Amino acid sequence: MSMHLTAKPGEIADKILLPGDPLRAKYIAQTYFTDPVCVNELRGAYCFTGTYKGQKMSVLGTGMGIPSVLIYTTELCSEYGCQKLIRTGTSGAYDPNLQLMDIVLSQATCTTSSLNDHIFKGHFAPIADFELLQKAYNLAKEKNIRAFVGNTICNDHLYQDPRGYDPTVWADYGVIASEMEAAALYTVAARYRRQALAITTVVVGADVELGAEKSSAVLSNPGIQVGDAQKQNGLDDMILLALETALD
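Residues numbered from 1 in each chain as written. Predicted model: local features only at pLDDT ≥ 70, side-chain atom pairs only at ≥ 80, totals over all residues. Heavy atoms only, no water.

Scanning the protein for helices and strands turns up eight helices and nine strands. Of all 248 residues assigned to the protein, the portion counted as buried reaches 50%. Within the protein, contacts between residues at least 6 apart in sequence are counted, and of these 79% link residues at least 24 apart. When the accessible area of the protein is evaluated, it comes to approximately 11800 Å², of which 52% is carbon and sulfur surface. (Helix = DSSP H or I, 4+ residues; strand = E, 2+ residues; numbered from the N terminus. Buried < 20%, exposed > 50% of the residue type's maximum accessible area, 1.4 Å probe, protein only. Contact = heavy atoms within 4.5 Å. Areas by Shrake-Rupley, 256 points an atom, 1.4 Å probe, with all protein chains shown as cover.)

Okay, helix 2 (residues 66-78) next. Its 13 residues give helix 2 an end-to-end C-alpha distance of 18 Å, which sits within 8% of 18 Å, the value for a rise of 1.5 Å per residue. When we look at burial in helix 2, the residues that qualify are Ile66, Ser68, Val69, Tyr72, Thr73, Glu75, Leu76 and Cys77. Those residues of helix 2 hidden inside the fold are in contact with strand 1 (15-18), strand 4 (55-60), strand 5 (84-93), strand 6 (103-111), strand 7 (147-154) and helix 5 (182-192). (Expected span 1.5 Å × (residues − 1).)

Right, let's talk about the pairing of strand 5 for a bit. With nine of its 10 residues buried, strand 5 lies for the most part within the structure. Of the strand pairs in this sheet, strand 1 and strand 5 are connected by four bridges, and their pairing is parallel. Counterpart to Leu18 in the pairing with strand 5 is Arg87. Across nine bridges, the pairing between strand 5 and strand 9 (residues 195-204) is parallel. Each bridged residue has a counterpart across the sheet, and for Thr88 the counterpart in strand 9 is Ile199. Examined bridge by bridge, strand 5 and strand 8 (residues 175-179) share two bridges and lie antiparallel to one another. Counterpart to Ala93 in the pairing with strand 8 is Ala177. (Pairing = 2+ DSSP bridges.)

Turning our eyes to something else, we now look at the packing of aromatic side chains. The geometry of two aromatic rings is summed up by the distance between their centres and the angle between their planes. Tallying each qualifying case throughout the model produces two aromatic pairs. Between Tyr46 and Phe48, the aromatic rings sit 6.4 Å apart at their centres with planes inclined by 45 degrees, giving tilted as the arrangement. On the accessibility criterion, Tyr46 (28% relative accessible area) is partly exposed. Taking the centre distance of 5.0 Å and the plane angle of 5 degrees together, the rings of Phe120 and Phe124 count as stacked. Across the ring face of Tyr192, the terminal group of Arg191 is positioned such that the distance to the ring centre comes to 5.2 Å. (Phe/Tyr/Trp six-rings, centres within 6.5 Å; stacked < 30°, edge-to-face > 60°. Lys NZ or Arg CZ within 6 Å of the ring centre and 35° of its normal.)

Quick look at the environment of Asp236 now. Within the secondary structure, Asp236 is located in helix 8 (residues 236-246). The exposure class assigned to Asp236 is partly exposed, which follows from its relative accessible area of 23%. Along the sequence, Asp236 and Tyr32 sit 204 residues apart, while their C-alpha atoms lie 10.0 Å from each other. In this structure the side chain of Asp236 is engaged in a polar contact, spanning 2.4 Å, whose partner is the side chain of Tyr32. (Polar contact = N/O pair within 3.5 Å; in protein donor to acceptor, adjacent residues only side chain to side chain.)

A cluster of nonpolar residues, Ile119, Phe120 and Phe124, forms a patch on the protein surface that exposes about 260 Å² of accessible area. Take Ile119: it is sitting in the loop between strand 6 and helix 3 (130-142). A residue is classified by how much of its surface remains accessible, and Ile119, at 51% relative accessible area, is exposed. (Patch = residues over 30% accessible without salt bridge, like charges linked within 9 Å, V, L, I, M, F, W, Y side chains within 5 Å. Salt bridge = Lys/Arg side-chain N within 4 Å of Asp/Glu carboxyl O.)

Attention now goes to the pattern of salt bridges. Scanning the entire structure with this criterion turns up seven salt bridges. As a salt-bridge pair, Glu181 and Arg87 come within 2.8 Å of each other at their nearest N and O atoms. Here Arg87 lies in strand 5 and Glu181 lies in the loop between strand 8 and helix 5, a separation of 94 residues in the sequence. For the pair shown, Glu181 and Arg87 are each scored as buried. Within this structure, Asp14, Lys15, Lys84 and Asp248 form a network of salt bridges that share partners.

Written as structure tokens, this is what we have:
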């Protein structure tokens, strides 16, 4: 048991999937795990443990944003001994070649967060575990899944003020997608020498800016984003890719 998780020692597997949405965690467990057991409900962060293809596996809904993920991944590594941590989330495309429902494998992540500024005199570069990244990419090719490897940006703000934020600058430097959790995941994994990978599904097209001026355009044009129901239950290619990547 940790400060934010009520699971007992041994109740969380050393391989864990980390969606942001706790209901997606429930969906993953009920759909893909054999004999799933809920080992945490505290703060609505559902955590389930079961087996997948004979191997013990867990899934935890971390909530949104760097601070939440930072708390849960730290406790998973320090208190529960998790070794493989794979984020299964959603992202917005910065690269126009990315289509809705394409999969992004985050090789490294830039960030607008100051989460590491108090630790380092320089700027820490959070990166994925190469073994997991390579395995996920090869599996995607084998399964004919559209998956793109690249640098991503981990933002503190979903709804940006366009007067102070220009996503085209990141895109000009090869950043392919935006999300909100990978920098925390990769930083904690580096601290505890664990394997981590962020796998996300594109749910907002590259022609959309989630800022004050264009947020209404998102709502009026559903063709450029994926609906909530599909985000919760329609991400099976990504989920299966994550599960297969996590296997020993």
